[in-house]
Amino acid sequence: MKKESRGLAWFSHITMFLFTVFCILPFILLVSASLTDQNDIIAHGYSFIPHTFSTAAYEYLYERGGDIARAYGVTVFVTVVGTVLGVAMTALLAYPLSRSVTPHRNLIMFIVFFTLLFNGGLVPSYLVYTQIFHIKNTIWALIVPGLLMNGFYVMLMRTFFQTTIPGALIESAQIDGAGEYRTFWSIVLPLSTPILATIGLFECIMYWNDWQLGMIYITNPKLFSIQNLLNRIMQDIQFISTNMTNNAGDAMQQMPTDAVKMAIAVIGVLPILVAYPFFQKYFIKGIMIGAVKG
């Protein structure tokens, strides 16, 4: 290996290592702060190693374990169903757009691209979903507005189909008598695992982290997602701390307010961190093939 290439390789490795460290350190601080005593946080601030170890924040959240478990169930259902439907609808739109025989595909592609630049806004969207679709305070309010909301996914998958699926393979299947649907389900989809996993990961993270739809369309506590519930808990703590009486002041001194906020963040992000390694291989391959070749 030439000196220039070796030097570039070392520079790249060191840069990526530092970048990785900078990404991991905030999460380590987050976990450490959630396990630190509230009085210690007030006295010394946040630190990577707790001065006084405490699980009071998680014990406080455990007292609302029933609500948290139900919210996790809602979030898991929304994430699974929303991801499956989102990937399916994206694939069903992207595949025809990748075929040159599709009528008016350029016009349709322009409409998809147009949605990346402009949208109707919050008020028209709210009126459509509540007055026409009547999904307010239903589980579908957390799923339907997120379907096909990102034309970038359609463009990414369309590029993958065009650059990765051989046209000769599709033609040979049609010569053997396969129709468009049979070709799509039996040939195209099995060869598209990387891009399906990539879009699926994007959709999964979007649905898991979403709190805005619940804030806008959900008022029934039984339908709160984990993000909405944790946000409500944090708002309750902030409300008590800013409007406390003398008696409430003594209680707030015992409540691990800052540590609870950190514990809330840990509970919200941990499942995604656990699931990500299983998608990483397909995610990287799908991005490289779907984007770089395009």
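Residues numbered from 1 in each chain as written. Predicted model: local features only at pLDDT ≥ 70, side-chain atom pairs only at ≥ 80, totals over all residues. Heavy atoms only, no water.

S.K.: Please explain the overall build of the chain as it appears in this structure.
M.R.: When helices and strands are counted, the chain shows 14 helices and zero strands. N-terminal to C-terminal, the α/β element order of the chain is α-α-α-α-α-α-α-α-α-α-α-α-α-α. Expressed as a percentage of its 294 residues, the buried residues of the chain come to 36%. Here the contacts in the chain between residues at least 6 apart in sequence split such that 74% fall between residues at least 24 apart. When the accessible area of the chain is evaluated, it comes to approximately 17,400 Å², of which 68% is carbon and sulfur surface. (Helix = DSSP H or I, 4+ residues; strand = E, 2+ residues; numbered from the N terminus. Buried < 20%, exposed > 50% of the residue type's maximum accessible area, 1.4 Å probe, protein only. Contact = heavy atoms within 4.5 Å. Areas by Shrake-Rupley, 256 points an atom, 1.4 Å probe, with all protein chains shown as cover.)

S.K.: Hey, could you run me through the packing of helix 5 (residues 105-117) against helix 7 (residues 151-164) in this one?
M.R.: Packed helix pairs are characterised by how far apart their axes lie and by the angle those axes make with each other. Between helix 5 and helix 7, whose axes approach to 8 Å, the crossing angle comes to 140 degrees. Classified by the angle between their axes, helix 5 and helix 7 sit oblique to one another. Of helix 7, the residues touching helix 5 (which contributes Arg-105, Met-109, Val-112, Phe-113, Thr-115 and Leu-116) are Gly-151, Phe-152, Val-154, Met-155, Arg-158 and Gln-162. The residue inventory of the contact of helix 5 with helix 7, partitioned by class, reads seven nonpolar, three polar and two charged. (Axes fitted to C-alpha atoms, helices over the stretch in contact; angles between N-to-C directions. Parallel < 35°, antiparallel > 145°, perpendicular 65-115°, else oblique. Nonpolar A, V, L, I, M, F, W, Y, C, P; charged D, E, K, R; others polar.)

S.K.: What is the right way to read the confidence of the model for the chain from this model?
M.R.: The predicted coordinates ought not to be read in detail in places where the model reports low pLDDT. Counting all residues, the mean pLDDT for the chain is 81, and 86% of those residues have values of 70 or more. For the chain, per-element mean pLDDT is lowest for helix 13 (residues 246-254), which scores 52, and highest for helix 11 (residues 212-217), which scores 90. Across residues 290-294 the pLDDT falls below 50, and counting only partners more than four positions away or on other chains, this stretch makes 10 contacts in the model. (pLDDT = per-residue confidence, 0-100.)

S.K.: I'm lost on helix 9 (residues 180-188) in this one. Help?
M.R.: For an α-helix, 3.6 residues make a turn, and residues three or four places apart therefore share a direction. When we look at burial in helix 9, the residues that qualify are Thr-183, Phe-184, Ile-187 and Val-188. Relative to the axis of helix 9, the buried residues are bounded by an arc of 115 degrees and lie together on one face. Of the residues in helix 9, the exposed ones pointing more than 90 degrees away from the buried face are Tyr-181, Arg-182 and Trp-185. Against the buried residues of helix 9 lie helix 4 (65-98), helix 7 and helix 8 (167-175). (Arc of directions from axis to C-beta.)

S.K.: Looking at this model, I keep getting lost on unusual backbone geometry. Mind explaining?
M.R.: Glycine aside, residues mostly have negative phi, and peptide bonds are mostly found in the trans state. One non-glycine residue with positive phi stands out, namely His-134, at about 55 degrees. Its location among the elements puts His-134 in the loop between helix 6 (122-132) and helix 7. With a phi close to 60 degrees, Asn-137 is a non-glycine residue in the positive phi region. Judged by relative accessible area, which is 30%, Asn-137 ranks as partly exposed.

S.K.: Sorry, what's going on with a nonpolar patch on the surface here?
M.R.: Side chains of Trp-10, Ile-14, Phe-17, Leu-18, Phe-22, Ile-24, Leu-25, Ile-28, Phe-48 and Ile-49 sit close together on the surface and give an oily, nonpolar patch of about 1,100 Å² of accessible area. Its location among the elements puts Leu-18 in helix 1 (residues 3-34). (Patch = residues over 30% accessible without salt bridge, like charges linked within 9 Å, V, L, I, M, F, W, Y side chains within 5 Å. Salt bridge = Lys/Arg side-chain N within 4 Å of Asp/Glu carboxyl O.)

S.K.: Please explain the side chain of Asp-40 as it appears in this structure.
M.R.: Positionally, Asp-40 belongs in helix 2 (residues 38-44). Of note is the side chain of Asp-40, whose polar atom sits 3.4 Å from the side chain of His-51. With residues near it in sequence (within four places) discarded, Asp-40 still touches Gly-45, His-51 and Thr-52. (Polar contact = N/O pair within 3.5 Å; in protein donor to acceptor, adjacent residues only side chain to side chain.)

S.K.: Can you help me understand the nonpolar core in this one?
M.R.: Generally speaking, nonpolar side chains in soluble globular proteins are found buried as a group. Within the largest apolar cluster, 35 residues are counted, with the highest numbers of intra-cluster contacts made by Leu-61, Val-78, Leu-142 and Ile-233. Where this core is concerned, the elements lending two or more residues are helix 3 (56-62), helix 4, helix 10 (193-209), helix 11, helix 12 (226-242) and helix 14 (257-292). At six residues, the largest contribution of residues to this core is made by helix 14. Ignoring anything within four residues of it in the chain, the contact list for Ile-233 reads Tyr-60, Leu-61, Arg-64 and Ile-264. Within the second largest apolar cluster, 20 residues are counted, among which are Leu-97, Tyr-153, Phe-160 and Phe-184. (Core = buried A, V, L, I, M, F, W, Y, C linked by side-chain atoms within 4.5 Å.)

S.K.: Would you mind showing me how to read the packing of aromatic side chains here?
M.R.: Geometry of an aromatic ring pair is reported as the spacing of the ring centres plus the angle between the planes. Counted by the stated rule, this structure contains 12 aromatic pairs. Judged by centre distance (5.5 Å) and plane angle (10 degrees), the rings of Tyr-153 and Phe-202 are stacked. In this pair, Tyr-153 is assigned in helix 7 and Phe-202 in helix 10, connecting sequence segments 49 residues apart. Classification of Phe-202 as partly exposed rests on a relative accessible area of 21%. Ring geometry for Phe-184 against Trp-185: centres 5.3 Å apart, planes inclined by 75 degrees, an arrangement best described as edge-to-face. Residue classification places Phe-184 among the buried residues on the basis of a relative accessible area of 4%. The exposure class of Trp-185 is exposed, given its relative accessible area of 52%. (Phe/Tyr/Trp six-rings, centres within 6.5 Å; stacked < 30°, edge-to-face > 60°.)

S.K.: Please explain the pattern of salt bridges as it appears in this structure.
M.R.: Pairing is possible between side chains that carry opposite charge, provided their charged atoms lie close to one another. Using the criterion set out here, one finds two salt bridges in the structure. Measuring nitrogen to oxygen at the nearest pair gives 3.0 Å for the salt bridge that ties Asp-67 to Arg-70. Within this pair, Asp-67 and its partner Arg-70 are both found in helix 4, separated by three residues, close to a single helical turn. Its relative accessible area of 28% is what places Asp-67 among the partly exposed residues. Arg-99 is paired through a salt bridge with Glu-180; the nearest N and O atoms lie 3.0 Å apart. Of the two residues, Arg-99 sits in the loop between helix 4 and helix 5 while Glu-180 sits in helix 9, which places them 81 residues apart along the sequence. A relative accessible area of 36% means that Glu-180 is categorised as partly exposed.

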